[in-house]
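Structure assessment
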Amino acid sequence: MKKGFYIGFAAGGLLGLVIAFGMDMILGDALGGTWSDAVAHDLSAMLGRAVDRSSFIVIAGVVLVVSLISFFGALVGGVFGVIMVRLLSFLSRG
């Protein structure tokens, strides 16, 4: 069961990264900007002054957001891996 969780965790994390960067590349202009534009806008609103999208704090924010998306995808993938291992072991018992 651990092996299924680890495989699902890795696959889910990788898919989370691919989806996050795919959204950024494909839908960035259609939705009004990239991840760095969104983080810079939110930080500007929170701090009350303009923040450049290439500053260190914006890059750190983008890394944090993409890491959270990847981690959530990894957890979902791990749970899915455990479910698949249990289902397949249940089906192969009979």
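Definitions and limits used
- Residues numbered from 1 in each chain as written.
- Predicted model: local features only at pLDDT ≥ 70, side-chain atom pairs only at ≥ 80, totals over all residues.
- Heavy atoms only, no water.
- Core = buried A, V, L, I, M, F, W, Y, C linked by side-chain atoms within 4.5 Å.
- Buried < 20%, exposed > 50% of the residue type's maximum accessible area, 1.4 Å probe, protein only.
- Helix = DSSP H or I, 4+ residues; strand = E, 2+ residues; numbered from the N terminus.
- Contact = heavy atoms within 4.5 Å.
- pLDDT = per-residue confidence, 0-100.
- Phe/Tyr/Trp six-rings, centres within 6.5 Å; stacked < 30°, edge-to-face > 60°.

Considering the nonpolar core
- With 9 residues, the main nonpolar core is built from Ala20, Trp35, Val39, Ala40, Leu43, Val51, Val58, Val62 and Val66.
- When residues of this core are traced back to their parent elements, those giving at least two are helix 2 (35–47) and helix 3 (56–93).
- If one sorts the elements of this core by residue count, helix 2 sits on top with 4 residues.
- Other than its neighbours up to four places away in sequence, valine 51 contacts Ala40, Leu43, Ser44, Ile57 and Val58.

Thoughts on the confidence of the model for the protein
- The pLDDT averaged across the protein works out to 88; a share of 96% of its residues lies at or above 70.
- Ranking the elements of the protein by mean pLDDT puts helix 2 last, at 87, and helix 3 first, at 91.

Some thoughts on the packing of aromatic side chains
- Inspection of the entire model under this criterion finds 3 aromatic pairs.
- Centroid distance phenylalanine 9 to phenylalanine 71: 6.3 Å. Interplanar angle 80°. Geometry classified as edge-to-face. Linking phenylalanine 9 in helix 1 (residues 2–27) with phenylalanine 71 in helix 3, this pair joins segments that are 62 residues apart in sequence.

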